[in-house]
Amino acid sequence: MKILFVVNNYFCKGNGLDESARRTVQALRDAGQEVRVLSGPNLEDLNGPHPDFEMENFHFPLMQPMLDSFGYNYADWHGPKIEEAVRWADVVHLEETFFLHHAAMNWAKKLGKPITGTYHVHPENIIFNLFGRRVGFLTCQILYRYWCRVFYDNYQYLQCPTENVRQRLLRHRVKAHCFTLSNGVIPDKCIRPLTPPEDYLDESRPLDLIYIGRTAIEKDQPTLYQAIRLSKYAKRIRLHIAGRGPKLEEYTRMAEKLYEDGVLNYKPVVGFYNRDELRELAAKADLAVHCAFVEVEGMSITEAMQQAVVPVIATARYSGTSTYALDERSVFPEGDAKTLAARIDYWFDHPQKRWAMGFRYAESMKKYEIAKCAQALIEMFQKAIDAKKHETHPLPHPLSASAQRPAVKTNRRIA
């Protein structure tokens, strides 16, 4: 099977979407599939690997500094390479809904090639960072409807990394067959020791609390900072913020103010880490907090959980990350610093429960291993090819029984 992945910037580092694309492509290749990539150039390493079908990089006037802060770039969407790539493929898989993808989709329709995709980004991820949370609501609705009608309605299948995403699509009556399937995590050996260190119950030792995620509006690190001010363990907390983004300077200053105000006894550590460093950080952490109120899946917290760290995750209308919480002790309502502080205090109050629960979380991640997800994608690609070949409507995905339920009419406001 010849599978074409269409991605704006396949080699971009520090961007969860591109990282996920690279992992998925590798997993598909490991499973014996022939996969090629249509993408912009490798700007991270000019002497490194290149896409199979390479487009020029497109520089956006005015917006480029913000895109750079996200570690994100757009590919150009003109030229013969797109047609060449689509003609080669048995199936065209779109990772985003932007200019390059629109051009590839149009060629796929002209050439009668099946189209599939993965839902990676909510419109709020883009609009809130451009215009702020309050003024962007209507714009998000308009953009979402555009994506649904122009892109998703033309797909045979659409992978939804969480059920939260699938339900939102169903409310919009998307014509593509939407099914829930995680992007998958790379199996990672848990390096946390099975028994706690000797000083684990020492009430004078620092408690390492980590937040892994881009420093952006929707990740909502300020709610964590507010919760720390309310926590009875604030003096013992050693805060680690791992990530970069457009709010890096502002959020770093807010974290440092906790130390300057005497809330924390340990100066917060803010930085960007590679995969090995994040593994070490998570394996030593006492707690991992994730406050994002807009999130498709939140792979950073799943990778941390592989290292047997207990998470505390925000529940929100447009976030599916809380899917991974095993019980109510690991969730809190978005933006609710008081409840988050209570969750933090509970887990620090119960160190032995926390240690045991951490290994339950590590075990829970095994069902999301990327090889299993890649196999489900292969089945999806084959069904899309078969459906296109026979010009039939796509059949329900065999691994998603819930996807067989018809969309339910609702009077709820659609957003």
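Residues numbered from 1 in each chain as written. Predicted model: local features only at pLDDT ≥ 70, side-chain atom pairs only at ≥ 80, totals over all residues. Heavy atoms only, no water.

Colleague: I'm lost on the sheet that holds strand β3 (residues 53–54) in this one. Help?
Modeller: Sheet strands line up and pair through hydrogen bonds in the backbone, either parallel or antiparallel. On the basis of which strands lie adjacent, the open sheet formed by seven strands has the order β3-β2-β1-β6-β7-β8-β9 and parallel pairing. Of all strands in the sheet, those with a lone pairing partner are β3 and β9 (177–180), marking the two edges. Note: strand β1 (residues 2–6) against strand β6 (residues 91–94), four bridges, orientation parallel. Of the residues in β6, the one forming a bridge with Leu-4 is Val-92. Its contacts with the sheet put helix α1 (residues 16–30) on β1 and β2 (34–39), and the angle it makes with β2 is roughly 155°. (Pairing = 2+ DSSP bridges. Helix = DSSP H or I, 4+ residues; strand = E, 2+ residues; numbered from the N terminus. Contact = heavy atoms within 4.5 Å. Axes fitted to C-alpha atoms, helices over the stretch in contact; angles between N-to-C directions.)

Colleague: I would appreciate a short explanation of the sheet that holds strand β15 (residues 311–315) in the present structure.
Modeller: Within the open sheet, the six strands sit side by side as β12-β11-β10-β13-β15-β17. Their pairing is parallel. The open sheet has two free edges, formed respectively by β12 (269–271) and β17 (331–333), since each of these has just one partner strand. Neighbouring strand axes in the sheet, compared pairwise and without regard to direction, differ in orientation by 20° on average. Of the strand pairs in this sheet, strand β10 (residues 207–212) and strand β13 (residues 287–290) are connected by two bridges, and their pairing is parallel. Across the sheet, Ile-210 pairs through a bridge with Ala-288, a residue of β13.

Colleague: In this structure, what is going on with the packing of aromatic side chains? I would like to understand it.
Modeller: Geometrically, a pair of aromatic rings is defined through the distance of the ring centres and the angle of the planes. In total, this model carries 17 aromatic pairs according to the counting rule given. Here the aromatic cluster, defined as three or more aromatic residues joined through ring pairs, consists of Tyr-119, Tyr-144, Tyr-152 and Tyr-155. Sitting above the plane of the Tyr-144 ring, Arg-168 keeps its charged end 4.1 Å from the centroid. Of note, Arg-238 hangs over the ring of Tyr-266, and the distance from its end group to the ring centre comes to 5.8 Å. (Phe/Tyr/Trp six-rings, centres within 6.5 Å; stacked < 30°, edge-to-face > 60°. Lys NZ or Arg CZ within 6 Å of the ring centre and 35° of its normal.)

Colleague: Can you walk me through the pattern of salt bridges in this structure?
Modeller: Where charged atoms from two side chains of opposite charge approach closely, those side chains can pair. This model, assessed by the stated rule, comprises 25 salt bridges. In this structure, Arg-166 engages Glu-163 in a salt bridge whose closest nitrogen and oxygen atoms are separated by 3.0 Å. Highlighted residues: Arg-166 and Glu-163, both in helix α7 (residues 163–171), separated by three residues, approximately one helical turn. Connected via shared salt-bridge partners are Glu-19, Arg-22, Arg-23, Asp-188, Arg-275, Asp-276, Arg-279 and Glu-303. (Salt bridge = Lys/Arg side-chain N within 4 Å of Asp/Glu carboxyl O.)

Colleague: Explanation requested: the side chain of Asp-76 in the structure shown.
Modeller: One can find Asp-76 in the loop between β5 (74–75) and α3 (80–88). Here Asp-76 is buried and forms no salt bridge, its nearest opposite-charge partner Lys-81 lying at an N-O distance of 11 Å. Within the structure, the side chain of Asp-76 is placed 3.1 Å from the side chain of His-78, a separation counted as a polar contact. With near-sequence residues (within four places) excluded, Asp-76 lies in contact with Met-55, Glu-56, Asn-57, Phe-58 and Leu-100. (Buried < 20%, exposed > 50% of the residue type's maximum accessible area, 1.4 Å probe, protein only. Lys, Arg positive; Asp, Glu negative; His and termini not counted. Polar contact = N/O pair within 3.5 Å; in protein donor to acceptor, adjacent residues only side chain to side chain.)

Colleague: Is there a simple way to think about the pairing of strand β8 (residues 157–160) in this case?
Modeller: The two faces of the sheet receive side chains in turn, since in a regular strand these alternate between them. With burial as the criterion, each face of β8 is covered, one bearing Tyr-157 and Gln-159 and the other bearing Leu-158 and Cys-160. Sheet analysis places strand β7 (residues 115–118) next to β8, joined by three bridges and oriented parallel. Residue pairing for β8: Gly-117 is matched across the bridge by Leu-158. Looking at chain direction, β8 and β9 are connected through four bridges and run parallel. Paired with Tyr-157 across the bridge in β9 is His-177.

Colleague: Where do I start with the nonpolar core in this structure?
Modeller: Across soluble globular proteins, nonpolar side chains show a tendency to be buried alongside one another. By size, the foremost hydrophobic cluster in this structure holds 52 residues, and its most contacted members are Leu-224, Ile-228, Leu-239, Val-289, Leu-340 and Ile-344. Examining the composition of this core, we find that six residues originate from one element, helix α12 (residues 337–349), more than from any other. If we skip the residues at most four places from it in the chain, Leu-340 touches Thr-223, Leu-224, Ala-227, Val-289, Cys-291, Val-312 and Phe-332. Counting residues in each nonpolar core, the second largest holds 38 residues, with Ala-104, Leu-158, Val-165 and Ala-176 among its members. (Core = buried A, V, L, I, M, F, W, Y, C linked by side-chain atoms within 4.5 Å.)

Colleague: Just checking my understanding: could you explain the confidence of the model for the protein chain for this structure?
Modeller: Atomic detail in the predicted coordinates should be set aside for any region of low pLDDT. Chain-level pLDDT for the protein chain is 90 on average; 91% of the residues reach the 70-or-more range. Of the regions scoring below 50 in pLDDT, residues 397–415 engages in 39 contacts with residues more than four places distant in sequence or in other chains. (pLDDT = per-residue confidence, 0-100.)

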